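Residues per chain are reported as follows:
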Amino acid sequence: MTAEARLVHQHVPGRSSPTPLLSPAAPSTIMPHAAGGRRDGEKMTTASSESSTSSNGQYYTFVKHYRTEIAASSSSVFSTLAAFPLDSVKTRMQTYQYKGFLDCVRHTYHTEKLGGFFRGVTAPMASITLVRTVSFSIYQRAKYSYSSWVKRNTGFDIIAHVNRQGTYPNLYSVACFGAAGATAGSVITFLACPFELTKLSAQVSVLLAERGGGVKGSHAVAASYQNKGTLRTMANIIKHRGVLGLYTGFNLHLLRDTLGTAIYFMVYESGKQIGNTFAGDHPNSNKLAVVAAGGMCGLVSWAMIYPIDSAKSIYQRNSLLYSKGQKVEPAPKIEFFKRHMYRGLGVSMSRSCVVNAIFFSSFEFIKKHITTLDEQGRL
């Protein structure tokens, strides 16, 4: 008998029967404080590890489920800061007469310094981030809902078609993206209108005080909008115009955002699909296609709706000169292909191109990165 075997069968004094020692391969029942059992610290470490794994799994699931919203909100911050000075110049050129872009820039810098280009940035930083996040969330859900409806009624799967390599946009895909965009645009108007009016009032507050208007008491009302933050500007609008004053120009805003967002997503989704097909890449994999489609959707949508936006901006500016109970002069007629309705178009298109190229590059990158993190978390 070997030494190991003798040790196994060795009689322990004081016990009625020999105590067998378990071999490493044999199953054992874990008993606390017993030889061969795990200590409390080891059990706690295992439980903590299992809890951590469970928490990580829940985190990855949550992040993946809301990756569209996370990517949209993060990207909005970057793109808004990068192009806000151009947006400020655009608004000034729409609402007041300047000799051109450089004249507006010189006048703004001379009278308000560098801070004038970022006047009112807080409102759009908050509102655009919130509006874009909600807009993309609604668009994503609407897109899949409309695609499912088309598939049930016609048998054509729009999403599968778009995600198939080597395909081009067709009537079904363009109509689906346009309808989903219009849905998102019409809904977010209720959220965006107060913020946009606040932004406009901050951007032109100095000009309002300088130039005023022909309405009695308008100079005093206009001066009250100067040097105020976002919340105080909102409070000032409510003071002079009432709570509903925050929705001044709502009909024009609704028309602009419904049409503009429909065109925006049609051009982006279709442009990205065409770019990937030309490059011979899989959908969403070509970075240049994303940048080009992002810039193009901003250019095309603004070019199509700019006269509506000009009419809205002029009407909202005029409303800031009136107090509650006073009748605001009617909004200017929307006229396409009329020179005065396109003041600041070049600035606006440049700004929109830059904003959306940055936005969609960041948006697609963050979404892809979140998906990768999720896959790593499941390994």
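Preceding this paragraph is the structure being described.
Residues numbered from 1 in each chain as written. Predicted model: local features only at pLDDT ≥ 70, side-chain atom pairs only at ≥ 80, totals over all residues. Heavy atoms only, no water.

1. Remarks on the overall build of the protein chain
Here's step 1: In terms of regular secondary structure, the protein chain is built from 13 helices and zero strands.
Here's step 2: In sequence order, the secondary structure elements of the protein chain are arranged as α-α-α-α-α-α-α-α-α-α-α-α-α.
Here's step 3: Among the 379 residues that make up the protein chain, the fraction classed as buried is 43%. (Helix = DSSP H or I, 4+ residues; strand = E, 2+ residues; numbered from the N terminus. Buried < 20%, exposed > 50% of the residue type's maximum accessible area, 1.4 Å probe, protein only.)

2. Notes on the state of the cysteines
Here's step 1: Under the criterion given, the structure shown has zero disulfides.
Here's step 2: You can see C297 has no disulfide; the closest cysteine sulfur is in C353, sitting 8.9 Å from it.
Here's step 3: When its relative accessible area of 0% is taken as the criterion, C297 is described as buried. (Disulfide = S-S within 2.5 Å.)

3. Considerations on helix α10 (residues 230-241)
Here's step 1: Helix length check: α10, at 12 residues, gives a terminal C-alpha distance of 16 Å against a target of 16 Å (1.5 Å per residue), a fit within 8%.
Here's step 2: Turning to α10, its buried residues are T230, T233, M234, N236, I237, H240 and R241. Down the axis of α10, the sector holding all buried residues measures 160 degrees, keeping them to one side. Pointing more than 90 degrees away from the buried face of α10 are the exposed residues L231, R232 and K239.
Here's step 3: Looking one or two residues past α10, G242 carries a phi angle of roughly 85 degrees, positive in sign. (Expected span 1.5 Å × (residues − 1). Arc of directions from axis to C-beta.)

4. Considering a nonpolar patch on the surface
Here's step 1: On the surface, F78, V354 and I358 cluster together to form a nonpolar patch covering roughly 240 Å² of accessible area.
Here's step 2: Looking at the secondary structure, you find F78 in helix α3 (residues 67-95).
Here's step 3: In this structure F78 comes out as partly exposed when scored by relative accessible area, which is 49%. (Patch = residues over 30% accessible without salt bridge, like charges linked within 9 Å, V, L, I, M, F, W, Y side chains within 5 Å. Areas by Shrake-Rupley, 256 points an atom, 1.4 Å probe, with all protein chains shown as cover. Salt bridge = Lys/Arg side-chain N within 4 Å of Asp/Glu carboxyl O.)

5. Digging into the packing of helix α11 (residues 250-279) against helix α12 (residues 287-319)
Here's step 1: Viewed as axis vectors pointing N to C, α11 and α12 meet at an angle of 165 degrees, and their least axial separation amounts to 7 Å. By the angle between their directions, the pair α11 and α12 is classed as roughly antiparallel. As for the relative orientation of α11 and α12, their crossing is right-handed in sense. (Axes fitted to C-alpha atoms, helices over the stretch in contact; angles between N-to-C directions. Parallel < 35°, antiparallel > 145°, perpendicular 65-115°, else oblique. Left-handed = near helix turned anticlockwise from the far one by under 90°.)

6. A few points about the pattern of salt bridges
Here's step 1: Tallied over the entire structure, the rule returns 14 salt bridges.
Here's step 2: Note that K199 and D87 form a salt bridge whose closest N and O atoms lie 3.1 Å from each other. With a gap of 112 residues between them, K199 in helix α7 (residues 171-203) and D87 in helix α3 connect regions that are remote in the sequence.
Here's step 3: In this structure, K272 engages E269 in a salt bridge whose closest nitrogen and oxygen atoms are separated by 4.0 Å. Pair noted here: K272 and E269 are both in helix α11, with a separation of three residues, about one helical turn.
Here's step 4: In the salt-bridge network here, residues are joined through shared partners; they are D87, K90, E196, K199, R256, D257, D309, K312 and R351.

7. Digging into the nonpolar core
Here's step 1: In terms of nonpolar packing, the biggest core is built from 31 residues, with V89, M93, Y96, Y98, L208, I237 and L320 touching the most fellow members.
Here's step 2: Counting only elements with at least two residues in this core, the list comes to α3, α7, α8 (205-211), α10, α12 and α13 (345-377).
Here's step 3: When residues in this core are grouped by element, the largest group, five residues, is from α12.
Here's step 4: Core analysis: the second largest hydrophobic core is formed by 26 residues, F177, A184, F265 and V290 among them. (Core = buried A, V, L, I, M, F, W, Y, C linked by side-chain atoms within 4.5 Å.)

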